[in-house]
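Overview (structure and organization)
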Amino acid sequence: MQFSKRSRNLEPSVTLGASEKAKQLKAQGADVLSLTVGEPDFTTPVHIQEAAIEAIRSGQTSFYTPTSGIPQLKQAIVAYLKQYYGLTYDTSETMVTDGAKFALYTLFQAILDPDDEVIIPVPYWVSYGEQVKLAAGTPIFVEGKEENQFKITAEQLEAATTEHTKALILNSPSNPTGMIYSKEELEAIGEWAVKHDILIVSDDIYGRLVYDDNVFTPIATISEKIRRQTLIVNGVSKSYSMTGWRIGFVAGNKELIQAMSDIASQSTSNPAAVSQFAAAEALNGPQDSVEEMRKAFEERMKRIYPLLLEIPGVKLQKPQGAFYFFPNVKETMELCGYDNVTEFCDALLNEAHVATVTGQGFGSNENIRISYATDMRTLEEMVKRIKEFVEKKTEKVEKSENVRL
């Protein structure tokens, strides 16, 4: 059977791949610690569960819904954006999607033609570039320097701009680095986008998960002209621990929203009805659980961050948001005798039984991603195992070098 070029050129998700490897090894009886997927370890808050059950029992979830979302959820999205962004949107400027991931997919399908370019800061979430390619577009990668907290600048964007540049993806707080753009940095980037009439795709999925008194500033709030140039992408998966419910949402230009909805109507038809009622309760209901989870993530980050720095060779920017560490392990790999970060990750899994994600999937050959969206005991054991692995490998390399001498 012959497959399409787009399917043959597609790179599988490294996060899901790493997770699957960990599951396979665990099924063989190994005590594997998996720090791979970006998924909170909390169950969905009870009041959200109960709202879903009530929607089922009342017969509201048995039928198709409007493609762009049920009115109750769209109204909740409008209220949410007013409360947390201070911005006013009409329900016609919003759309509910099968997870924020599908929001991005429909967006690129709606705006890209062959040769159109999308600028993607490096490091990046693993699906950005692949989704652009699936829409026949060209991803243009711009490196966020580690010394600049992995963030790109307006000057870099200016240098990367061509007549084919259609959009910029901006993820703050970032997956995988946890870094947050300041208001001043966002203003400069926003002015660049307005100047060149380039769409800002603002992936705000981690906006409620911020630590150490850092502040998340949505770029759409900088000015009205920047807001008009921005499509907000968000969802309930991370802040409300609802990854399995698959509900994302977008807000922006009415015509763009309609084009995205038209594409969804010919693919998924509509997000699952029961998930939409649950999401409406998440956005409208008590927010205590969001803060409880945020505090738990912050506590884990503060506990584990200094421990990771004790691992020989590790360099690490302290995360400001999200729930990932993205340590630079270049020196660590050299100590252990590796020069390939994917091989290093594979060795950690097979020998130390610690599952991390190779930085290559995020555009970095010197880093690994570690999710701290898991319990403290697992995180502390993870650090212990990695440190022991590195020390043993280092000792072995040193003995080998002494023998050669």
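This one's a predicted model, so the numbers in the text were calculated from it and none came from an experiment.

1. Brief notes about the packing of aromatic side chains
- Tallying each qualifying case throughout the model produces 16 aromatic pairs.
- Aromatic side chains F102 and Y105 sit 5.8 Å apart centroid to centroid with 15° between the ring planes, which places their arrangement in the stacked category. Remark: Y105 and F102 occur in helix α5 (residues 99-111); sequence separation between them is 3 residues, near one turn of the helix.
- We classify F102 as buried; its relative accessible area is 14%.
- Note on Y105: relative accessible area 28%, which makes it partly exposed.
- A connected cluster of aromatic rings, assembled from ring pairs, spans F42, Y206, F297, F323 and Y324.

2. Overview of the UniProt feature "domain: Aminotransferase class I/classII large" (unreviewed entry) in the chain
- According to UniProt, the positions carrying the feature "domain: Aminotransferase class I/classII large" (unreviewed entry) are residues 31-386.
- Within the segment residues 31-386, helix and strand shares are 42% and 14% respectively, and the terminal C-alpha atoms sit 14 Å apart.

3. Looking at the pattern of salt bridges
- Inspection of every chain in the model, using the stated rule, returns 22 salt bridges.
- One salt bridge connects R294 with E298, and the closest N-O pair in it is separated by 3.3 Å. Placement of the pair is R294 and E298 together in helix α12 (residues 288-308), with a separation of 4 residues, close to one helical turn.
- Looking at R294, the relative accessible area reads 14%, which means it is buried.

4. Considerations on the nonpolar core
- Ranked by size, the top nonpolar core spans 76 residues in total, and within it F108 and M382 carry the most contacts.
- Among residues more than four places away in sequence, those in contact with F108 are V118, Y128, Q131, V132, A135 and I169.

5. Some remarks on the packing of helix α2 (residues 14-27) against helix α14 (residues 341-352)
- Between α2 and α14, the shortest axis-to-axis distance is 11 Å and the interhelical angle comes to 20°. The angle between the axes of α2 and α14 places the two elements in the roughly parallel class. The crossing of α2 and α14 is right-handed. Residue-level inspection shows K21, A22 and L25 of α2 in contact with α14, the latter providing D346, L349 and N350.
- When its residues are assigned to classes, the contact of α2 with α14 shows 3 nonpolar, 1 polar and 2 charged.

6. Some words on α5
- Between its first and last C-alpha, α5 extends 19 Å over 13 residues, near the 18 Å set by a 1.5 Å rise per residue.
- Listed in full, the buried residues belonging to α5 are G99, A100, F102, A103, L104, T106, L107, F108 and I111.

7. Regarding the state of the cysteines
- Tallying each qualifying case throughout the model produces 0 disulfides.
- Summary of cysteine pairing: C336 is not part of a disulfide, and the nearest cysteine sulfur, belonging to C345, is at 12 Å.

8. Overview of the sheet that holds strand β4 (residues 138-143)
- Spatial ordering of the open sheet is given by β2-β8-β7-β6-β5-β3-β4, a layout of 7 strands whose pairing is mixed. Edge positions in the sheet fall to β2 (94-97) and β4, since each has one partner strand and no second. Between one strand axis and the next, the sheet turns by 20° as a mean value, whatever way the strands run.
- Of the pairings in the sheet, the one linking strand β5 (residues 165-171) to strand β6 (residues 199-203) comprises 5 bridges and is parallel in character. Within the sheet, the bridge partner assigned to I169 lies in β6 and is V201.
- Its contacts with the sheet put helix α4 (residues 71-85) on β2, β7 (230-235) and β8 (248-251), and the angle it makes with β2 is roughly 115°.

9. Notes on the side chain of Q287
- Topologically, Q287 is positioned in the loop between α11 (273-284) and α12.
- Dropping the residues within four chain positions of it, Q287 is found in contact with Y84, R208, Y240 and A282.

What counts, and at which threshold
- Residues numbered from 1 in each chain as written.
- Predicted model: local features only at pLDDT ≥ 70, side-chain atom pairs only at ≥ 80, totals over all residues.
- Heavy atoms only, no water.
- Phe/Tyr/Trp six-rings, centres within 6.5 Å; stacked < 30°, edge-to-face > 60°.
- Helix = DSSP H or I, 4+ residues; strand = E, 2+ residues; numbered from the N terminus.
- Buried < 20%, exposed > 50% of the residue type's maximum accessible area, 1.4 Å probe, protein only.
- UniProt positions renumbered as here; feature names shortened; annotations may be inferred.
- Salt bridge = Lys/Arg side-chain N within 4 Å of Asp/Glu carboxyl O.
- Core = buried A, V, L, I, M, F, W, Y, C linked by side-chain atoms within 4.5 Å.
- Contact = heavy atoms within 4.5 Å.
- Axes fitted to C-alpha atoms, helices over the stretch in contact; angles between N-to-C directions.
- Parallel < 35°, antiparallel > 145°, perpendicular 65-115°, else oblique.
- Left-handed = near helix turned anticlockwise from the far one by under 90°.
- Nonpolar A, V, L, I, M, F, W, Y, C, P; charged D, E, K, R; others polar.
- Expected span 1.5 Å × (residues − 1).
- Disulfide = S-S within 2.5 Å.
- Pairing = 2+ DSSP bridges.

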